[in-house]
Amino acid sequence: MLSAFRNTCTTLCSHHFLNPKPYFPLFLISTQNISLPNSTSLSKPRYWHSTFFSMTSGADSPNLSSEKLEKQFEDFRVRLEESGNLKERIRAVATEIDSVTRLIYASLLLVHQSRPVAEVIEKAKSQIGVLKELYSRLSEIVSECPGQYYRYHGDWKSETQTVVSLLAFMHWLETGTLVLHSEVEEKLGLTPTEFGLDVDDYLIGICFMSNELPRYVVNQVTAGDYDCPRKVLKFLTDLHAAFRMLNLRNDFLRKKFDGMKYDLRKVEEVFYDVKIRGLAANGDSAGAKQAQGQS
Amino acid sequence: MLFSASKLSFLLMAPKPQRIRHMVGTTWQSAMKKARTMSTDDTETDSSMKDAFSKYADYLNNINDKRERVVKASRDITMNSKKVIFQVHRMSKQNKEEVLDKAVNDLKAVTDQYLSRLVKELQGTDFWKLRRAYSPGVQEYVEAATLCNFCKTGTLLTLDEINATLLPLSDPSVEPLQINILDYMLGLADLTGELMRLAIGQISEGELDFAEKICSFVREIYRNLTLIAPEMDDSSDMKQKMETMLQSVMKIENACFSVHVRGSEYIPLLGSADTSYPLLGMLDIE
């Protein structure tokens, strides 16, 4: 009984609510369903309706301004469609790069099965030409919109990071050294002025490569190469020290770099295991003997 | 030497506690010696790696410093554009011209003082690389500029018009700063929120025709953006803004509807500047 009364009161109040406060129309909205059937309020608004619109339509030609507005948005639509097409073409190439990297990775994985390094690398290398070709296509597409490299960068960066990690791993297997940024650009046929390799992508790729090393060490030792942990440990220690020269932001690269110390620790553990059992000393590597002699 | 010292300290820190226990004695010492001998083993490859990394370090330091400066400029632009927007909201029937003139002047000051700081930072590929750093500021600026312009002329300030005002910021030798479509559209999406506030304020003021005008303007923007929003590079942000925008449009429409339906009750407001409402007393019932 009481609540019914209150309801009618609020309806009534809102009806005659004239206080010009900002929340006022919202208040009215909540009661619009109740007030609609009111016949007296239906007849009068028609008068007000006509005055409103005669006032607005009399103002500065709205047709002209809305034409200008439509024209701008039509122009936007065309331009966005163009960039959408470009994006699709980039994605298509990136997908191809992705499938080539999977091929390379699959052939590189054979090193864990103690296949001879030269043979493994040979097979993986055969695909680099394909990569080079794909990157030149990518560079061509991106050159259609000068200065917008980073607008579309997100569409190929993760593929490129993988490419860097594979190239770096191959390079390390061959030479025992780290492939440099400029060397990767060279291998892929990139020119820094037109379509360069982003430094962040390079560094992230190097971090990915470091993730591969603990497994390599474990499998090499199992296969009887007791000198391997020493080499890898030295390489990773140097690499980690080099990375510590960088002032990183709190981004993905930082996260990957933070993960590198676990690779280092794992390799240290393997090195320790081999070392403490005197396996490294019995190994047929001259380097190990030399190191042993010095200590 | 400094290099190998830092390496040693890392070796000391890295192993788990139980490993240190294992390693006490000769093995540990020889391991340390080994680390030292190894670092001098082939200094040649070592230094080439170091040289390369010092280059990367320079590159990263430069770009990070630049990004930081851009973020700061962006924040200043946001803050001062917000002030312009608030200035526009102070508009009422009596002081419209005066308030808007001040807003336009303030906006000009934002352009000259703060937006100009972005020009030399965003040359070449940095314009897109650092977009995330400056985008919020530029969006807010677009919002302020379009709001001012709408209140003055009742039309939409186009991207080309904004970009034309930015040309004098840079001398001809460098690339001029030009706002990109994406930031402009995101700014427009925010504009509807401000226009919603403005429309409701205007209704309270009794400026019903202006509110109606805002309503049709906002509808147009929403309709046009609906067509192209999904085509944007990264449309997730825009998707959310489109939803908020629809809310704003509906709020304005409902407000206009309410006035429209209960138009008769606005006589005292429309008829005179008299602000004494005989029915206000009814409120006391609640």
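Residues numbered from 1 in each chain as written. Chains lettered and ligands numbered in written order. Predicted model: local features only at pLDDT ≥ 70, side-chain atom pairs only at ≥ 80, totals over all residues. Heavy atoms only, no water.

Our next topic: the overall build of chain A. In terms of regular secondary structure, chain A is built from 17 helices and zero strands. Within the span of chain A, comprising 295 residues, buried residues form 47% of the whole. Here the contacts in chain A between residues at least 6 apart in sequence split such that 72% fall between residues at least 24 apart. Carbon and sulfur atoms provide 54% of the accessible area of chain A, an area that totals close to 14800 Å². (Helix = DSSP H or I, 4+ residues; strand = E, 2+ residues; numbered from the N terminus. Buried < 20%, exposed > 50% of the residue type's maximum accessible area, 1.4 Å probe, protein only. Contact = heavy atoms within 4.5 Å. Areas by Shrake-Rupley, 256 points an atom, 1.4 Å probe, with all protein chains shown as cover.)

Glancing now at the overall build of chain B. When its secondary structure is counted, chain B shows 12 helices and zero strands. In chain B, the succession of helices and strands from N to C terminus is α-α-α-α-α-α-α-α-α-α-α-α. Buried positions account for 51% of the 286 residues belonging to chain B. Taking the intrachain contacts of chain B between residues at least 6 apart in sequence as the baseline, contacts between residues at least 24 apart amount to 76%. Of the roughly 13800 Å² that chain B leaves accessible, carbon and sulfur atoms contribute 55%.

The subject of this paragraph is the domain arrangement of chain A. Residue and element names in this part refer to chain A. Splitting chain A by domain gives domain 1 (79–199) and domain 2 (211–295). Inter-centroid distance (C-alpha atoms) of domain 1 to domain 2 is 27 Å. The interface is formed by 13 residues belonging to domain 1 together with 11 residues belonging to domain 2. With both sides pooled, the region where domain 1 packs onto domain 2 buries about 990 Å², and carbon together with sulfur makes up 71% of that total. For the pair domain 1 and domain 2, the interface holds zero salt bridges. Per-element tally for the side of domain 1 that touches domain 2: the top contributor is helix H10 (residues 157–175), with four residues. Classifying every residue of the side of domain 1 that touches domain 2 by side-chain character gives eight nonpolar, five polar and no charged. (Domains from an automatic or database assignment. Buried area = accessible area lost by both parts, 1.4 Å probe. Salt bridge = Lys/Arg side-chain N within 4 Å of Asp/Glu carboxyl O. Nonpolar A, V, L, I, M, F, W, Y, C, P; charged D, E, K, R; others polar.)

With that settled, consider the pattern of salt bridges. Throughout the structure, instances matching the rule amount to 31 salt bridges over all chains. A:Lys87 is the partner of A:Asp155 in a salt bridge, and the nearest nitrogen-oxygen pair spans 3.2 Å. In this pair, A:Asp155 sits in the loop between helix H9 (149–152) and H10 while A:Lys87 sits in helix H6 (residues 62–108), placing the two residues 68 residues apart along the sequence. Close ionic contact of B:Arg131 with B:Asp183 constitutes a salt bridge, the shortest N to O distance being 2.9 Å. Taken together, the positions of B:Arg131 in helix H7 (residues 131–153) and B:Asp183 in helix H9 (residues 181–205) put the pair 52 residues apart, joining distant regions of the chain. Both residues of the pair, B:Arg131 and B:Asp183, belong to the buried class.

Let us look at the environment of A:Pro146. Residue and element names in this part refer to chain A. Position of Pro146 among the secondary structure elements: in the loop between helix H8 (128–143) and H9. Pro146 sits in the exposed class, given a relative accessible area of 69%. Remark: the alpha-carbon pair of Pro146 and Glu194, spanning 48 residues in sequence, is separated by 8.7 Å.

Relative orientation and spacing of two packed helices are given, respectively, by the angle between their axes and the distance between those axes. All names here are of chain A. Helix H13 (residues 199–222) packs onto H10 with a crossing angle of 50° between their chain directions and a minimal axis gap of 7 Å. By the criterion of interaxial angle, the relationship of H10 to H13 is oblique. Between H10 and H13 lies a crossing whose hand is right-handed. Of the residues in H13, those touching H10 at Lys157, Thr160, Gln161, Val164, Ser165, Ala168, Phe169, Trp172 and Leu173 are Asp201, Tyr202, Ile204, Gly205, Ile206, Phe208, Met209, Glu212, Leu213 and Tyr216. In terms of residue class, the contact of H10 with H13 is made up of 12 nonpolar, four polar and three charged. (Axes fitted to C-alpha atoms, helices over the stretch in contact; angles between N-to-C directions. Parallel < 35°, antiparallel > 145°, perpendicular 65-115°, else oblique. Left-handed = near helix turned anticlockwise from the far one by under 90°.)

Moving on, we come to the domain arrangement of chain B. Residues and elements named next belong to chain B. We note that the domain assignment places domain 1 (63–179) and domain 2 (181–286) within chain B. Across the boundary between the two partners, domain 1 contributes 26 residues, which contact 22 residues of domain 2. When domain 1 packs against domain 2, the two sides together hide about 2100 Å² of surface, and 66% of this comes from carbon and sulfur. Among the residues of domain 1 in contact with domain 2, Gln139, Glu143 and Phe150 are the three that bury the most area, contributing 29% of the side total. Taken together, the links from domain 1 to domain 2 amount to one salt bridge.

Okay, H13(A) next. Residue and element names in this part refer to chain A. With 24 residues, H13 extends 36 Å between its outermost C-alpha atoms, agreeing within 8% with the 34 Å of an ideal straight helix rising 1.5 Å per residue. For H13, the buried fraction is high: 18 of the 24 residues fall into the buried class. Remark: Gly224 follows H13 within two positions and exhibits a positive phi of approximately 105°. (Expected span 1.5 Å × (residues − 1).)

Once that is clear, we can look at the side chain of B:Ser81. Residue and element names in this part refer to chain B. Mapped onto the elements, Ser81 comes out in helix H4 (residues 43–89). For Ser81, a relative accessible area of 0% gives the class buried. Once residues lying within four places of it in the same chain are set aside, the contact partners of Ser81 are Val110, Glu140, Tyr141 and Ala144.

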